[in-house]
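Structural features, examined
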Amino acid sequence: MLTTCAWLPQLLRTWRRGRADDISYSYLAVFATGVLGWLAYRLLAAQPAVFAANVVTFTLIAALTLLKTRPRPAPGPAGPLTRTGTAVPGPGGIGPVTGFPAGEHGAAGPPPPCAACWRCASMTRMAHDLVHPPKARPGERIAVLSPSFAAAGAFPAVHEQAMRRLTEVTGLIPVEYPTTRTVGATPQERAADINAAFADPAIRAVLAVIGGEDQITVIPHLDAGLARRDPKPFLGTSDNTNLHHWLWANGVASFYGGSSQVHLGPGPGVDDVHARSLRAALITGETLEITDPGESEDVGVDWGDLRALTSFGEREPTEPWSWHGPARSVTGRTWGGCLEVIEEILTAGRFPFEPEVLDGGVLIIETSEELLPARNVGWIVRALGERGILAAVHAVLVARPPVSDFTRRPPADERARLRAEQREVIAGLIDRYNPEAVVCVGVPFGHTRPQWIVPHGGAITVDGAARRTAANYS
């Protein structure tokens, strides 16, 4: 009885995951043949009870084989979601071969969506379903919140310029909340504003002003039901990794990146790559190839200095992105964020899943302005390996790290060495835990500027053969 029923947990697990890649056809065939042999023997030996047990075993094996052979949805996401959250066909999308925008680089457009709508459109084999919130329309309202540090109140001139530029770039109308400019607001007060933004049907998107360091204390006060009932695009970086993971755990995709105080307010204008990905995340839902902007700054002009309104920080040319792992293309759903915050989230027990939930996905990781030494960064990445996360994903994107700040500005050759040291540590650890992962290091989606906003829970293609990356913002 025990050996017969032993197949039932595997069958249920395969049904939930929708895949059985870890079970070989050869194993199923040999085992089924053996069971058929026992069936014939028990029939001839007139042993009905044992014969019945073998019939049950063979039935379970047959069911498992059918699950393994059933067709998967075609790899190509449906178009943008309607305002009710269902998938509709669209002209853009990630092509089924290269993952790059349809009609470009020789890629074909996406196939029509199936009747299962967004469940098939995620282009992943992960069992945790995510809703992709509907896009806002120009003229609608976007909540601008301070879930961590209220930089909008500490440096209002930069914030006000950011609000004007937000409308210029997206056509959306920013709406502030009681704690948007309140320095020192309690976690409960900040959570109340987040809940209010998700509860208000007039608000169609949410943007964080900046990160901070204590958002982890805000999360327990949030109402997940509000976010699930009316999902809205959420954009934020750094400490907002907490909110991204909270949304992800509650079945809502978001967009990693975006900080009005860092990328909209300071300088003579909004960087092109940031403006394009901001519009894609909030308005258009198009597919964009992620490219190197050619220049980068670790830190801008001090926001207390009026020159911050008109000048960028000290910029330098970027290095070519570093590629590691096999020369193959991976398209998968993203998960990750700021490494230091991910460490806090895992320590607090707020990733309530087995690593298999990330199977086939793309891990996105970046480091903060705390400027951790490469050794410390390696410790966090190693912990992800021990947790099983590195082995589960099929690709990893690592952001260009900041290596200087207002008080520490090493010479150019030293900055290059620090970036290379972090790159080698991370790439080496990923190779140790998952040598089949496609890895790209240097993509600017983290704490440097210009910054690409990228999907968190949406599809990204990492093509190790063509050495190109594309993101689907639907």
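The preceding data block contains the structure.
Cut-off values and rules
Residues numbered from 1 in each chain as written. Predicted model: local features only at pLDDT ≥ 70, side-chain atom pairs only at ≥ 80, totals over all residues. Heavy atoms only, no water. Pairing = 2+ DSSP bridges. Helix = DSSP H or I, 4+ residues; strand = E, 2+ residues; numbered from the N terminus. Axes fitted to C-alpha atoms, helices over the stretch in contact; angles between N-to-C directions. Salt bridge = Lys/Arg side-chain N within 4 Å of Asp/Glu carboxyl O. Buried < 20%, exposed > 50% of the residue type's maximum accessible area, 1.4 Å probe, protein only. Contact = heavy atoms within 4.5 Å. Right-handed = clockwise from strand over helix to strand, strands pointing away. Phe/Tyr/Trp six-rings, centres within 6.5 Å; stacked < 30°, edge-to-face > 60°. Lys NZ or Arg CZ within 6 Å of the ring centre and 35° of its normal. Parallel < 35°, antiparallel > 145°, perpendicular 65-115°, else oblique. Left-handed = near helix turned anticlockwise from the far one by under 90°. Nonpolar A, V, L, I, M, F, W, Y, C, P; charged D, E, K, R; others polar.

1. Points about the sheet that holds strand β3 (residues 203-208)
Sheet architecture is open: six strands sit in the order β2-β1-β3-β4-β5-β14, paired in mixed fashion. Each edge of the open sheet carries a strand with a single partner, namely β2 (173-176) and β14 (454-456). Ignoring which end each strand starts from, the neighbouring axes of this sheet average 30° apart. Taken together, the five bridges between strand β1 (residues 141-145) and β3 define a ladder with parallel strand orientation.

2. Examining the pattern of salt bridges
On inspection of all chains with the given rule, the structure shows 23 salt bridges. Between Arg-315 and Asp-271 there is a salt bridge; the shortest N-O distance is 3.0 Å. Of the two residues, Arg-315 is situated in the loop between β7 (295-296) and β8 (316-317) and Asp-271 in the loop between α11 (260-264) and α12 (272-284); the sequence distance between them amounts to 44 residues. Grouping residues by exposure puts Arg-315 and Asp-271 together as buried. A network of salt bridges, in which partner residues are shared, links Asp-271, Glu-295, Glu-297, Arg-315 and Arg-449.

3. Remarks on the pairing of strand β13 (residues 438-443)
Of all six residues in β13, six are buried; the element is thus mostly enclosed. Relative to β13, strand β12 (residues 395-399) is paired through five bridges, and the arrangement is parallel. Counterpart to Leu-397 in the pairing with β13 is Cys-440.

4. A word on helix α13 (residues 339-347)
By the burial criterion, the buried members of α13 are Leu-339, Glu-340, Val-341, Ile-342 and Ile-345. On its buried side, α13 packs onto α10 (241-249), β10 (329-338), β11 (362-366) and α14 (374-386). A positive backbone phi angle near 75° is found at Gly-349, which sits one or two residues after α13.

5. Digging into the pairing of β3
When you tally the buried positions in β3, you get six out of six residues, the bulk of the element. Following the backbone out of β3, through helix α9 (residues 224-229) and into the adjacent parallel strand β4 (residues 234-236), one traces a crossover that is right-handed.

6. Remarks on the packing of aromatic side chains
Each aromatic ring pair is specified by the distance between its two centres and by the angle formed by the two planes. According to the stated counting rule, one finds six aromatic pairs in the structure shown. An angle of 50° between the planes, with centres 5.0 Å apart, marks the rings of Trp-335 and Phe-351 as tilted. Placement of Trp-335 in strand β10 and of Phe-351 in the loop between α13 and β11 is noted, with a sequence separation of 16 residues between them. We classify Trp-335 as buried; its relative accessible area is 2%. Among the aromatic residues, those joined into a ring-pair cluster are Trp-248, Trp-335, Phe-351 and Phe-353. Above the face of the Phe-312 ring, Arg-315 is positioned so that its terminal group lies 3.7 Å from the ring centre.

7. What to know about the packing of α14 against helix α16 (residues 412-433)
In contact at an axis separation of 9 Å, α14 and α16 are set at 20° when each is read in the N-to-C sense. By the angle between their axes, α14 is roughly parallel relative to α16. Like other packed secondary-structure pairs, α14 and α16 cross with a definite hand, here right-handed. Note on element contacts: α16 touches α14 through Glu-421, Gln-422, Val-425, Ile-426, Leu-429, Arg-432 and Tyr-433, opposite Ala-374, Val-377, Gly-378, Val-381, Arg-382, Gly-385 and Glu-386. Partitioning the contact of α14 with α16 into residue classes produces seven nonpolar, three polar and four charged.

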